[in-house]
Amino acid sequence: MTSYAEMSPDERAFVEHLFTAAELMRALNETGQIGTGHIGFSRLHAYVAEGRPVQDPAIDAALQRDPKLAATCDALVRNLAPYAAPVAAAAADTKPLTQRFGNGWRLNLLEVRNAPDQRWVVIRFEREDVAPPRALYAGTVRHALPAMTDGQVQFRIGVDSRLAQAISDAATELFLL
């Protein structure tokens, strides 16, 4: 089977239109109408592959309510992400994880001294000349990343945020794209 990355521009356009048509037909069969919240494959692919610097609330909401769209997004992320951290080995205790490792990179979740309800996310790369990732995917959670400086990316998140919970969960795979 040919991967999406190996397709010609015409083949990609065809696949995107075919996927959009199939999704429209599915929505029509399930609900009797095509809702205005439909997310086409080309829009989803652009959101994943281009690593848009801001969140897209419409796509985020659609991913939460549509398991098929979430599965398609997961497949895109898995096929396109150059950096991945697999499910962490099961630990004897159930403490949340504060470190995750991938091939050539490490993620640390650190306490913010003056803000106990926040955490620093620090992603360090073994080499500084890597292509800077634009987004972190932790399960179904996507977070647009700030610019990389000196081989690392860092930002703050709330301790109770979906992202903090996903990073801390040993059963969640992480992807940088």
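Residues numbered from 1 in each chain as written. Predicted model: local features only at pLDDT ≥ 70, side-chain atom pairs only at ≥ 80, totals over all residues. Heavy atoms only, no water.

Draft legend 1. Spotlight on the overall build of the protein chain. A count of helical and extended segments in the protein chain gives five helices and eight strands. Counting every position in the protein chain, which comprises 177 residues, the buried fraction comes to 39%. Here the protein chain displays about 10,500 Å² of accessible surface, and carbon together with sulfur accounts for 54% of that area. (Helix = DSSP H or I, 4+ residues; strand = E, 2+ residues; numbered from the N terminus. Buried < 20%, exposed > 50% of the residue type's maximum accessible area, 1.4 Å probe, protein only. Areas by Shrake-Rupley, 256 points an atom, 1.4 Å probe, with all protein chains shown as cover.)

Draft legend 2. Spotlight on the packing of helix α2 (residues 41–49) against helix α4 (residues 67–80). Taken N-terminus to C-terminus, the directions of α2 and α4 make an angle of 40 degrees; their axes are 10 Å apart at the nearest point. The angle between α2 and α4 places the two elements in the oblique class. Helix-helix and strand crossings are classified by hand; for α2 and α4 the assignment is right-handed. Of α4, the residues touching α2 (which contributes F41, L44, H45, V48 and A49) are L69, T72, C73, L76, V77 and L80. The residue inventory of the contact of α2 with α4, partitioned by class, reads nine nonpolar, two polar and no charged. (Axes fitted to C-alpha atoms, helices over the stretch in contact; angles between N-to-C directions. Parallel < 35°, antiparallel > 145°, perpendicular 65-115°, else oblique. Left-handed = near helix turned anticlockwise from the far one by under 90°. Contact = heavy atoms within 4.5 Å. Nonpolar A, V, L, I, M, F, W, Y, C, P; charged D, E, K, R; others polar.)

Draft legend 3. Main features of the sheet that holds strand β4 (residues 115–125). The four strands lie next to each other as β2-β3-β4-β7, forming an open sheet whose pairing is antiparallel. The open sheet terminates on both sides in strands that have one partner only, identified here as β2 (99–102) and β7 (152–158). Taken over all neighbouring pairs, the strand axes of this sheet differ in orientation by 20 degrees on average, direction set aside. Where β4 lies against β7, seven bridges are found, and the strand directions are antiparallel. Bridging across to β7, V122 finds its partner in Q154. (Pairing = 2+ DSSP bridges.)

Draft legend 4. Spotlight on the sheet that holds strand β8 (residues 174–176). Reading across from one edge, β1-β8-β5-β6 is the order of the four strands in this open sheet, with antiparallel pairing throughout. One side of each edge strand has no neighbouring strand; the edge strands of this open sheet are β1 (83–85) and β6 (141–144). Mean inter-strand twist for the sheet, computed between neighbouring axes without regard to direction, equals 15 degrees. For β1 and β8, the ladder comprises three bridges, and the chain directions are antiparallel. Looking at the pairing, A85 lines up with L174 of β8.

Draft legend 5. Structural context of the packing of α2 against helix α3 (residues 57–65). Closest axis-to-axis distance for the α2/α3 pair is 11 Å, and the angle between their directions is 105 degrees. With respect to each other, α2 and α3 are oriented roughly perpendicular. Judged by residue contacts, R43, L44 and Y47 of α2 engage A58, I59, D60 and L63 from α3. Of the residues in the contact of α2 with α3, the class split is five nonpolar, no polar and two charged.

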